[in-house]
Amino acid sequence: MSTGDLYSTALRSARAGALRAADAGREVSLGGWVHRTRNLGGIVFVDLRDIDGIAQISFGTDWASAEAIAAAASVGVESVVLVSGTVVLRDAATKNPEMGTGDVEVRATALAVVGPAVTPAIPVARGRGEKLAAEELRLKYRYLDLRRADLQANLVLRHRLLQASRRFLTDRGYLELETPILTKPTPEGARDYLVPSRVHPGEFYALPQSPQIYKQLFMICGFDRYFQIARCFRDEDLRADRQPEFTQIDIEASFVEQDDILSMAEGLIGALWLEAGAAAPAVMPRITYADAMDRYGTDRPDLRYGLEISDWTSVFEGIAFNITRSAIDAGGRVRGIVLPGAAAWSRKQVDDVEALAKSAGAGGLLRLKRVGGKLEGPLAKFADGVGAFDAIPDGALALFVAGGDRISSPALDRVRQECATRLGLISEAAQCFVIVTDFPMFDRDPETGALSAVHHPFTAPHAEDVARMPDAPERWRALAYDVVLNGTELGGGSIRTSDPVMQARMFTLLGIGDAEEQDRRFGFLLEALRAGAPPHGGIAFGFDRIVMLLSGAPSLRDVIAFPKTTAARALFEQAPTRVPAEDLAELHLRLGDA
């Protein structure tokens, strides 16, 4: 079946943007939007646009009626028209190599306006370099903005990646199963969107932050392998790579261990990258969480460049420098990064980097550089003669942070990223995947001592850690993992707790210790686990983020049809909005005093 046949309807025989030289001589009927018109007196040109591109339509006195020419000359931009005519080859002088249809034009004999348009509120840019309206205007008039070629291409890619996901997982025995949207509030690390129940006064549903518990229930039900292109909702602050509602590729399997899930994840990423015309490694390098934090200061390391963090504590232990001595005596460390070629940076340049470290919690940066073989900087008099500092090569600048890892890791992560940018070490074309494993099971609040789950409370700990350190849960490692690309998390998951006794213990450790409260909040899961649960685990990938990366779009808003702003507003449909008092009353709600 040709593309002409595929898109042939009662009103058109082909898509305008799909016409090529092979169509020359063909009689066609087309439908689309008027992108622009040009009246040259004896001939009128109409650029007709559809999802495949733009075709040039010409109306001349030698082949078109006066009525058709007049209609073409008066038609408004963005109006929807039907045209019919003959595809002809352009002569060499008028070919347009920048257009897919640039070898041909359609000599039209008729034009009918079927969707007249008012003057568009914003221009519909089609080519590269065309100036765009401000983003808020484009979001307000999204129905016009989505006519742009780049946004349409992003959404077409999104469709292709969705289908590639389905094919890959279906071919491996995964069943696409749906889970509820109206569900019960559960802790997932962010605030829930709540939905009041009209028929149960004072009670609320929650929109799911993920299908986590339901996909585990599918495993308990015996479905063995599940996936879902799942809509999820989180009431949290927004960024360029975050939206209050988002899509994830949600996956769960039974009778698996960690490597089974990671092998499947590598294959899925490979299939998605292949669909987008890119490549991903069949096997991705692994790094433990502890190693990632120690060497890069983050659990999402960008491996496109070096600049690894080094531990200099043992070196500074022998130096009588008050700042480092105090930090070490308090149980902290001295860690730093050596920056080749950065000794020539000005004081202001280093101050700017230090400001980033301070914004991440550090008190400041300790500086030491080697110029002409000689150490310079505030630390120089303490470092002279200490052999370990020979590791700082000539022309290099070393920056150190003294303190606990909670302070030094995020600070040095910011320093590392900024310095890599300033030194030109980041290749935009490079794609460095890594899988981070062995996350901590819990994080302990330094002020209250309370434990919180690093991933979520349904993650299984390493059995050997539980056996070896039963009374030190803050030292347990989780069977959790993340897939990271160039410092961006693509997805994460874990092996789940399938033992109801262990799951109840996890709730207790998290402060949900009362059996009645556990039953109230998670009774349906604990009851199901007691019915017999297989070992199971899974992973979820942020689909919007993957589409953003593969399309090269600068923001998630460019790969979602109707996104929210950074203020969580939908400008086109004007949501959220106030609700009349009578509607609230029907839901048994009343607004408090303003």
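Residues numbered from 1 in each chain as written. Predicted model: local features only at pLDDT ≥ 70, side-chain atom pairs only at ≥ 80, totals over all residues. Heavy atoms only, no water.

Trainee: Mind showing me how you'd approach empty space enclosed by the protein here?
Mentor: Empty space among the atoms can be located by rolling a probe the size of a water molecule over them. Within the structure shown, the criterion is met by two cavities of 30 Å³ or more. Of the pockets and cavities examined, the largest cavity occupies roughly 110 Å³. Taken together, 16 residues line the largest cavity, and the ones lying closest to its centre are T183, K184, T186, S210 and Y214. Among the elements that line the lining of the largest cavity, the one with the most residues is helix α6 (residues 212–221), at three residues. In terms of residue class, the lining of the largest cavity is made up of eight nonpolar, five polar and three charged. Taken as a whole, the second largest cavity encloses approximately 40 Å³ of empty space. Classifying every residue of the lining of the second largest cavity gives five nonpolar, no polar and two charged. (1 Å grid on protein atoms, 1.4 Å probe; cavity = no way out; pocket = protein on both sides within 12 Å on 5 of 7 lines; lining within 4 Å. Points joined across faces, edges and corners; volume = space filled by probe spheres on them. Helix = DSSP H or I, 4+ residues; strand = E, 2+ residues; numbered from the N terminus. Nonpolar A, V, L, I, M, F, W, Y, C, P; charged D, E, K, R; others polar.)

Trainee: Could you clarify how one ought to interpret the sheet that holds strand β21 (residues 488–495) in this entry?
Mentor: In a beta sheet, neighbouring strands pair by backbone hydrogen bonds and run either parallel or antiparallel. Sheet architecture is open: eight strands sit in the order β6-β9-β10-β22-β21-β20-β17-β11, paired in mixed fashion. Edge positions in the sheet fall to β6 (175–176) and β11 (286–288), since each has one partner strand and no second. Summarising the sheet, β6 and strand β9 (residues 225–233) pair through two bridges and their orientation is parallel. Residue pairing for β9: E176 is matched across the bridge by F227. Running over the sheet, helix α5 (residues 149–171) touches β6, β9 and β10 (245–254) and is turned about 150° from β9. Against the sheet, α6 makes contact with β9, β10 and β22 (536–542), and its axis sits at roughly 25° relative to β10, the strand it touches most. (Pairing = 2+ DSSP bridges. Contact = heavy atoms within 4.5 Å. Axes fitted to C-alpha atoms, helices over the stretch in contact; angles between N-to-C directions.)

Trainee: How should the packing of aromatic side chains be read in this particular structure?
Mentor: Pairs of aromatic rings are described using the distance from one ring centre to the other and the angle between the two planes. In total, this model carries 16 aromatic pairs according to the counting rule given. Measuring from centroid to centroid gives 5.4 Å for W273 and F433, while their planes differ by 70°, and the two rings are edge-to-face. One end of the pair, W273, is in helix α7 (residues 258–275); the other, F433, is in strand β17 (residues 433–437), and 160 residues separate them in sequence. Consider the rings of F507 and F522, whose centres lie 4.3 Å apart with planes at 15°: the pair is stacked. Placement of F507 in helix α15 (residues 500–509) and of F522 in helix α16 (residues 515–530) is noted, with a sequence separation of 15 residues between them. Assigned by exposure class, F507 and F522 land together as buried. Within the aromatic cluster, the residues linked to one another by ring pairs are Y141, Y143, F562 and F572. (Phe/Tyr/Trp six-rings, centres within 6.5 Å; stacked < 30°, edge-to-face > 60°. Buried < 20%, exposed > 50% of the residue type's maximum accessible area, 1.4 Å probe, protein only.)

Trainee: Please clarify how helix α13 (residues 405–422) should be interpreted in this entry.
Mentor: Given 3.6 residues per turn, any residue in an α-helix points the same way as the ones three and four places further on. End to end, α13 covers 25 Å across 18 residues, agreeing with the expected 26 Å (1.5 Å per residue, within 8%). Listed in full, the buried residues belonging to α13 are S408, S409, A411, L412, D413, V415, R416, C419 and A420. Check the buried side of α13 and you find it contacts α8 (289–296), β13 (333–339), α11 (347–359) and β16 (397–403). Taken from the residues just after α13, G424 is the one with a positive phi, measuring 70°. (Expected span 1.5 Å × (residues − 1).)

Trainee: Even after reading the chapter, I still don't get the packing of α5 against helix α17 (residues 543–551), so can you show me in this structure?
Mentor: The description of two helices packed together rests on the angle between their axes and the distance between the axes. Look at α5 against α17: their axes get within 10 Å of each other, and the N-to-C directions meet at 125°. One finds that α5 runs oblique with respect to α17. Along this stretch, α5 crosses α17, giving a crossing that reads as right-handed. Facing N154, L157, R158, L161 and L162 of α5, the residues of α17 in contact are F543, D544, V547, L550 and S551. For the contact of α5 with α17, the class distribution of residues is six nonpolar, two polar and two charged. (Parallel < 35°, antiparallel > 145°, perpendicular 65-115°, else oblique. Left-handed = near helix turned anticlockwise from the far one by under 90°.)

Trainee: Please explain the side chain of E252 as it appears in this structure.
Mentor: One can find E252 in strand β10. A polar side-chain atom of E252 sits 2.8 Å from a polar atom in the side chain of R496. In this view, E252 contacts Y174, K215, Q216, M219, D224, R225, Y226, R496, H536, G537 and G538; residues no more than four positions away in its chain are not counted. (Polar contact = N/O pair within 3.5 Å; in protein donor to acceptor, adjacent residues only side chain to side chain.)

Trainee: How should the sheet that holds strand β12 (residues 310–311) be read in this particular structure?
Mentor: The strand order across the open sheet formed by five strands is β12-β13-β16-β14-β15, and the pairing between neighbours is antiparallel. Strands at the two margins of the open sheet, each flanked by one partner only, are β12 and β15 (374–376). Alignment of β13 against β16, held across seven bridges, turns out to be antiparallel. Counted as the bridge partner of V334 is A402 from β16. Lying on the sheet, α11 is in contact with β14 (366–371) and β16; it crosses β14 at an angle near 145°. Of the strands in this sheet, β13 and β16 touch α13, which is tilted by about 5° from β13.

Trainee: Quick question: what am I supposed to make of unusual backbone geometry here?
Mentor: Most peptide bonds adopt trans geometry, and most residues besides glycine take a negative phi value. Omega for the peptide link from A575 to P576 comes to 0°, which places this bond in the cis form. Positioned with a positive phi, D224 is a non-glycine residue whose angle comes to about 75°. Tracing the backbone through its elements, the reader meets D224 in the loop between α6 and β9. The phi angle at D438 is positive, at roughly 55°, despite the residue not being glycine. Note that D438 resides in the loop between β17 and β18 (442–444). Judged by its relative accessible area of 17%, D438 is buried.

Trainee: Just to check I follow, could you spell out a nonpolar patch on the surface for this structure?
Mentor: A cluster of nonpolar side chains, Y143, F562 and F572, forms an exposed patch at the surface whose accessible area comes to about 300 Å². Looking at where F562 falls in the secondary structure, it is placed in the loop between α17 and α18 (581–586). (Patch = residues over 30% accessible without salt bridge, like charges linked within 9 Å, V, L, I, M, F, W, Y side chains within 5 Å. Areas by Shrake-Rupley, 256 points an atom, 1.4 Å probe, with all protein chains shown as cover. Salt bridge = Lys/Arg side-chain N within 4 Å of Asp/Glu carboxyl O.)

Trainee: Would you mind showing me how to read the nonpolar core here?
Mentor: A general tendency of soluble globular proteins is for nonpolar side chains to be buried together. By size, the foremost hydrophobic cluster in this structure holds 41 residues, and its most contacted members are I249, I251, W273, L490, I539 and F541. Broken down by element, the residue count for this core peaks at eight residues, all from α7. When near neighbours in sequence (up to four residues on either side) are disregarded, L490 contacts I269, W273, F433, V483, V484, L485, A540, F541, G542, I546 and L549. Judged by nonpolar contacts, the second largest core, of 24 residues, contains L19, A68, A72 and V81. (Core = buried A, V, L, I, M, F, W, Y, C linked by side-chain atoms within 4.5 Å.)

Trainee: Looking at this model, I keep getting lost on the pairing of β16. Mind explaining?
Mentor: Along a regular strand, successive side chains alternate from one face of the sheet to the other. Across the seven residues that make up β16, a large majority, six, are buried. Of the pairings in the sheet, the one linking β14 to β16 comprises four bridges and is antiparallel in character. For L368, the partnering residue across the bridge sits in β16 and is A398.

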